[in-house]
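This is what each chain is made of:
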Amino acid sequence: MQLKAMLAVLAAAVSFNAWAAAPIVIKFSHVVAPDTPKGQAAERFGMLAAKYSKGRVKVEVYPDSQLYKDKEELEALQLGAVQMLAPSLAKFGPLGVKEFEAFDLPYIFPSKAALYKVTEGPIGRALLKKLEPKGIAGLAYWDNGFKVMSANKPLRMPADFRGLKMRIQSSKVLDAQMRALGAYPQVLAFSEVYQALRIGVVDGTENPPSNMFTQRMHEVQKHVTLSNHGYLGYAVIVNKKFWDGLPSDVRRSLEQAMREATAYEKQISQRDNDLAMEAIRRAGKTVVHSLSPQEQAAWRKALLPVHKQMENRIGKDLIEAITRAAK
């Protein structure tokens, strides 16, 4: 009897040690292709997380909406079905944190350097803190650069948008932007955009070149305008309860991995967008248009009133603070 008891204790200890040795699994879900800047950075983070945690953490990356589409992923994170996401900043408006929609305002960032003054400064940190009451911890900002416009007709002047159905993310700012151009905004999940363009459910869209190319949108859009009218960025976020429950040394190793993955992502984002635009040109299915100074002025005149229009939603003080910081 004593031997049986000892064996039972030994078996329990072995079982416990096996459990203790099992890696902590982080499911990292996103909606874009693996070869986009976000996709590559997610893979890099996974590799670094395993390295710095000495194998105690395993990051499983699920790209291309394999687990969840745009509208589903934040709820999945809050429920703990996934632990990590990198949604575009526009996604936090529908969640109730409308201040993030400031990043959607047309022409608010004159350059990447101006953008980084905001995301890496006190404004960026304060915005991430606003996610905590929603059960979300913000870890970093990732960058996908400035957007181009596409359609099956040239888009050189605001009047060219009149009557077009333009796909947007769910964002009141982007809705107002398209309406300011005379277009009809259509909210669609990112995974549905190629098919919607192909069959004519929507006439055009806006995206950084890397997203446009990796989703093959250039194959079903005859014209692209290098407008750089708006910015698309992401926040890397994690379920707060999961994050706070990690051992402190594991959390420190993940923070180090995230810092390095973020630096890598910034390094490749502009390069990948430039390569994607060159590939779109080479494919020969899309005419690429650059705007003249007069055309750029007409776009700005049409779109800058959106800033004033969104003051009550986003906050006049925040818009002004971002504008000052981005100079």
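Figured I'd write up the structure that's included with this text. (Residues numbered from 1 in each chain as written. Predicted model: local features only at pLDDT ≥ 70, side-chain atom pairs only at ≥ 80, totals over all residues. Heavy atoms only, no water.)

### Some points on the side chain of Thr-36
Reasoning step 1: Note that Thr-36 resides in the loop between β1 (24-29) and α2 (37-52).
Reasoning step 2: Overall, Thr-36 belongs to the buried group, its relative accessible area being 1%.
Reasoning step 3: Beyond its immediate chain neighbours, meaning those up to four positions away, Thr-36 contacts Ser-210, Asn-211, Thr-214 and Asp-272. (Helix = DSSP H or I, 4+ residues; strand = E, 2+ residues; numbered from the N terminus. Buried < 20%, exposed > 50% of the residue type's maximum accessible area, 1.4 Å probe, protein only. Contact = heavy atoms within 4.5 Å.)

### Side note on the sheet that holds strand β2 (residues 57-62)
Reasoning step 1: Sheet architecture is open: five strands sit in the order β2-β1-β3-β10-β4, paired in mixed fashion. Looking along the sheet, the strands with just one partner apiece sit at the ends: β2 and β4 (136-146).
Reasoning step 2: The pairing of β4 with strand β10 (residues 231-239) spans eight bridges and is classified as antiparallel. Bridge pairing in β10 links Ile-136 to Asn-239. (Pairing = 2+ DSSP bridges.)

### Things to note about the layout of surface pockets
Reasoning step 1: As a volume, the largest pocket reaches approximately 420 Å³.
Reasoning step 2: Sorting the residues of the lining of the largest pocket by element identifies α5 (122-129), β4 and α10 (248-283) as the ones contributing at least two each.
Reasoning step 3: Within the lining of the largest pocket, the residues separate by chemical class into seven nonpolar, four polar and seven charged.
Reasoning step 4: The wall of the second largest pocket is formed by 20 residues, among which Tyr-107, Phe-109, Pro-110, Asn-228 and Arg-300 lie closest to the centre.
Reasoning step 5: Residues that form the lining of the second largest pocket fall into these classes: eleven nonpolar, eight polar and one charged. (1 Å grid on protein atoms, 1.4 Å probe; cavity = no way out; pocket = protein on both sides within 12 Å on 5 of 7 lines; lining within 4 Å. Points joined across faces, edges and corners; volume = space filled by probe spheres on them. Nonpolar A, V, L, I, M, F, W, Y, C, P; charged D, E, K, R; others polar.)

### Quick notes on α10
Reasoning step 1: Its 36 residues place the ends of α10 49 Å apart at the C-alpha level, agreeing with the 52 Å of an ideal helix rising 1.5 Å per residue.
Reasoning step 2: If you look at α10, its biggest bend is around 30 degrees, right at Ile-268.
Reasoning step 3: Trailing α10 by a residue or two, Gly-284 shows a phi angle of about 75 degrees, which is positive. (Expected span 1.5 Å × (residues − 1). Bend = angle between axes of the 7 residues up to and from the residue.)

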